[in-house]
Structures are given as C-alpha cells and as structure tokens.
Amino acid sequence: MCETTVAAMAGKPVLYYWDARGRMECIRWLLAAAGVEFEEKFIETPADMEKLIKDGRLMFQQVPMVEIDGMTLVQTRAILNYIATKYNLYGKDAKERALIDMYTEGILDLSEMMLQVVISLPEQREAKISLVKEKTKNRYLPAYEKVLKSHGQDYLVGNRLTKVDIHLLELLLYVEELDSSLLAPFPLLKALKSRISSLPNVKKFLQPGSQRKPPPDMKRIEEARKAFKF
Amino acid sequence: MEAKPKLYYFQGRGRMESIRWLLAAAGVEFEEEFLETREQYEKLLKDGRLLFDQVPLVEIDGMPLTQSRAILSYLAAKYNLYGKDLKERLRIDMYTDGTLDLMIMIAQAAFKPPKEKEESYALIVKRAKTRYFPVFEKILKDHGEDFLVGNRFSWADIQLLEAILMVEELSAPILSDFPLLQAFKARISNIPTIQKFLQPGSQRKPPPDGHYVEVVRNVLKF
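Residues numbered from 1 in each chain as written. Chains lettered and ligands numbered in written order. Predicted model: local features only at pLDDT ≥ 70, side-chain atom pairs only at ≥ 80, totals over all residues. Heavy atoms only, no water.

Some words on the UniProt feature "domain: GST C-terminal" (unreviewed entry) in chain A
Piece 1. Following the UniProt record, the feature "domain: GST C-terminal" (unreviewed entry) maps to residues 93–216 of chain A here.
Piece 2. Overall, residues 93–216 of chain A shows 70% helix and 0% strand. The separation of its end C-alpha atoms is 37 Å. (UniProt positions renumbered as here; feature names shortened; annotations may be inferred. Helix = DSSP H or I, 4+ residues; strand = E, 2+ residues; numbered from the N terminus.)

Have a look at this one:
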C-alpha cells in the first residue's frame, strides 16, 4: 500500500505534478470548481520523479498523481471521474454520464493537441499550431455550439453544472490565449464562457493568486526537456 | 425486446476492438456496419451522427455514442461490469486507462512507416514488460483473488486479457516472468462468453494489415 502524506491524512487532496498546467490543470480546475481546497507538491528535478517511482507511488510510473481519501490515484480520467462523482458533477444517470464522457473526450483530445504544441520540438511547432487552430475552428467549437443550440440550456448536459462545463470553460480560455478570433463565430460558447466564469468558485479560481497555472514559458519547457529528456 | 447495439467502424481492430470484447464478454449480440468507402463516411457525417466527425460510433439505447472511452464506460455500467461502488469503479478506471494506453500504442503503430513501426513495437513490448504487466501481476499477488477488482469479473479483467493477447502477438513469451498473469489469462479465456469470442468465426478482428491501413487512409483521407 502506498504511503499517504500528512496533508492527505488531514483531508485535503495532494496533487503531485510539475509547477505547470500539463495534464494536471483540468484536475485543479475541477477541484476548485467543486470548492475543494488542495495542496500541491511540485516535481522539480528528475530525482523527485525517481523517488516517487522508487517509493511505488506511481502505478504506471507517471504523473498526474493525486492523494485523496486515503488513496493514491493516477490516470487523469480516473481522477476526474472520482472527483466529479464525489462532488455531484457527473450528471444524474448513466445516459447523462455517457454524454458528459463523450463531450469530455473531445475536450481532452483537443487539449492533448495543445499540449503537443508545447512539448514538441521547436521546428515542429508551427505545423502543430496550425493543426490545433484548424481542429478548433472546424471540428470542436462547432460541435459544442451545436450541443448548446440543440437544447438551449445554460449547461451542456442535464440543465445543471457538471464537470464538462468546467472542462469546456478551461478549453475556451486556452483557445482565446491561442487566437481570440477563433471564438468569434460561436455566440453560445461565448455566453457559456461568461456564465461559468461568474460562478463563485470559478470566479475565485480565475483571480490572480489562485492555484491556476500560467501559460507555458517556452524557456522553462526547453530546460525541462533537457532535464527530463522528452 | 431491446434493439441490438450497432457498431460503425472499419473491418479491423483500431479503437473499436475493446468495445467488441466488452459486448462479447457480457454476452450481448451486436451488429456491425463496416466502413469501406469515403462515401459511407461522408453519409455518416451528413447524418450528423458523428459528434467530432470520428468513429467508433455505437448506436445503443437510442443514442449515437462516439468516443471509445465514453462508449466503454456506458457499456461497463449497463452490463454490471463496473464494480459495486465508487472506489471499485475508480480502480477499474485506473486499470483500464493503463491497458487502453498500451493498446492505443499498438493500434497507432500500424500506421507508421516500417522502421518506426518496428521501433514502436519494441517500445510497446518493453512497456508491457516493465510498466504495465508487473502492475497487474502485483495486484493479483497482493489480494490473491481470481479477478482484478472486488473479487468478481469486471471490465478491467476483459481489457487486461485483450491487452495480453495483443502483446503476445508481438512477443510470444511476454508472460514468461508473470505466473499469475498466465493463470489469469487461462482463467478469463475459459469464461464461456469469452471462450466463444476467441473461436474462429466470431466478431473478433485480426491484427491490422496493409489492406486495413489502406482502407482507413482512403476513408479518412490522411
């Protein structure tokens, strides 16, 4: 059984990752939206990572890892689903969950493409950025706009806040960082963005000083690339 | 009488195979429509049933579901293969995310040029041997039970068997260091629905070949 830290025993989830967005950011968002305070332990050197692996705390030798409720969890989706269920952000039944999962997967796919832009070699970056913009514009944003249009409700699924509204807001903010004109043709998405941003827990997370991580710093990425060899 | 689920995909494994395994293991009969031409794909797009213009598509319970993980989770819950509570569900999610990562690597390798394909296969075998299979061997060792989670058959067991068989196709002796996985493989293979699926003539698909890759490239235009 993996050791559990003092913080985790005290009740707060503890997040293990680099001091960066990467694959942990969606988890930070969901916890914040649920009003759950959490602590973070940042991986700074390869030795930090090696220790976590050697101590047997990373099931598949990968982060994100989250200590929560006496357990050591890995795999982004498993972690998100657990948190969403615990804090009632996963719909009311199996059919709503299926829609939430389907919509979430699209967001994770586009997020993964954006992550690839960040970690790809400099010479590949421009081509990857073009791909992200193209998919955003032609595949993903139209799909979510269409979902909102089809039911005319304030949230993507079941007429109430679920995890996928939070994931979508996060994504829309990244789209805006990439190119704010991409959102222009999508009025319902713009409205959702405003609406979800105004929710008290989300508004708090959007303030400076929260645990939200800034856009990637390319110099730090290159330093990390050398140290962690990716 | 419930309509049979209908699967829309290429006539090959890809991102649909885990769904076929799950349905078969649950003893659920299903229909398949195989994508062979660009025209078929364009018709699916025009009908508006592909949320992100992608297959797999599964029509079930009146829903056109896409995104293989969403489909798998829905089916696992529907057919009682998702554990008895949240904590078991969580473990099943962690384990299946792991085995799915491995199987996605295998599916993607088929589309690489020969040299990169060989490198991918070598990496897959290494990951199976050092990252994934030791984990499941340890899980079985630690609780000494027949199934991965909750002492009963679940989606996690089905997917692990599927992954083991796929890696064995790349490296036959892959389980040589994992006696409990060898026993697990025999045990799960003998479950009647799975035994049936493993017979020739079932809806199980063969490993991807040049023809499969060509069809996918033509239909999706890449």
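Picking up where we left off.
Structural notes on helix α8 (residues 187–197) of chain A
Residue and element names in this part refer to chain A.
Piece 1. Among the residues making up α8, those that are buried are L189, L192, K193, I196 and S197. Along the axis of α8, the buried positions cluster into a sector of 120 degrees, meaning they face one direction only.
Piece 2. Tucked into the core, α8 has its buried residues touching α6 (125–151), α7 (163–178) and α9 (200–206). (Buried < 20%, exposed > 50% of the residue type's maximum accessible area, 1.4 Å probe, protein only. Arc of directions from axis to C-beta. Contact = heavy atoms within 4.5 Å.)

Here we look at the sheet that holds strand β1 (residues 6–9) of chain B
Across a sheet, strands are paired by hydrogen bonds formed along the backbone, either parallel or antiparallel in direction.
Residue and element names in this part refer to chain B.
Piece 1. In space, the four strands of this open sheet follow the order β2-β1-β3-β4, with mixed pairing throughout. Only two strands of the sheet have a single neighbouring strand rather than two, namely β2 (31–34) and β4 (63–66). Each strand axis lies, on average, 20 degrees off the axis of its neighbour in the sheet, ignoring direction.
Piece 2. Pairing geometry for β1 and β2, over four bridges, is parallel. Bridging from a neighbouring strand, Y9 pairs with F34 of β2. (Pairing = 2+ DSSP bridges. Axes fitted to C-alpha atoms, helices over the stretch in contact; angles between N-to-C directions.)

A closer look at the UniProt feature "domain: GST N-terminal" (unreviewed entry) in chain A
Piece 1. Here the UniProt-annotated "domain: GST N-terminal" (unreviewed entry) positions come out as residues 11–91 of chain A.
Piece 2. Strand forms 20% of residues 11–91 of chain A and helix 36%; the C-alpha atoms that close the span are 25 Å apart.

Re the environment of S68 of chain B
Residue and element names in this part refer to chain B.
Piece 1. Tracing the chain through its elements places S68 in helix α3 (residues 68–78).
Piece 2. For S68, a relative accessible area of 7% gives the class buried.
Piece 3. A sequence separation of 88 residues divides S68 from A156, and the C-alpha atoms of the two residues are 15 Å apart.

Comments concerning the UniProt feature "domain: GST N-terminal" (unreviewed entry) in chain B
Piece 1. Taking the numbering used here, the UniProt-annotated feature "domain: GST N-terminal" (unreviewed entry) corresponds to residues 3–83 of chain B.
Piece 2. The annotated region residues 3–83 of chain B carries 36% helix and 20% strand content, and the separation between its end C-alpha atoms amounts to 25 Å.

Considering the packing of helix α2 (residues 25–33) of chain A against α7 of chain A
Residue and element names in this part refer to chain A.
Piece 1. Running from N to C, α2 and α7 point in directions that differ by 125 degrees, and their axes come no closer than 10 Å. The orientation of α2 with respect to α7, classified from their angle, is oblique. For the pair α2 and α7, the sense of crossing is right-handed. Here E25, C26, W29, L30 and A33 of α2 come into contact with α7, specifically with K163, I166, H167, L169, E170, L173 and Y174.
Piece 2. Class assignment of the residues belonging to the contact of α2 with α7 gives a composition of eight nonpolar, one polar and three charged. (Parallel < 35°, antiparallel > 145°, perpendicular 65-115°, else oblique. Left-handed = near helix turned anticlockwise from the far one by under 90°. Nonpolar A, V, L, I, M, F, W, Y, C, P; charged D, E, K, R; others polar.)

Concerning the pattern of salt bridges
Side-chain pairing between opposite charges can occur once the charged atoms of the two side chains come close.
Residues and elements named next belong to chain B.
Piece 1. Taken as a whole and judged by the stated rule, the model has 40 salt bridges over all chains.
Piece 2. D61 is the partner of K78 in a salt bridge, and the nearest nitrogen-oxygen pair spans 2.9 Å. Remark: D61 occurs in the loop between β3 (57–60) and β4 and K78 occurs in helix α3; sequence separation between them is 17 residues.
Piece 3. With relative accessibility at 26%, the residue K78 sits in the partly exposed group.
Piece 4. By relative accessible area, which is 25% here, D61 ends up partly exposed.
Piece 5. Of the charged contacts, one joins D101 and R69 as a salt bridge, the two residues approaching to 3.7 Å between their closest N and O atoms. (Salt bridge = Lys/Arg side-chain N within 4 Å of Asp/Glu carboxyl O.)

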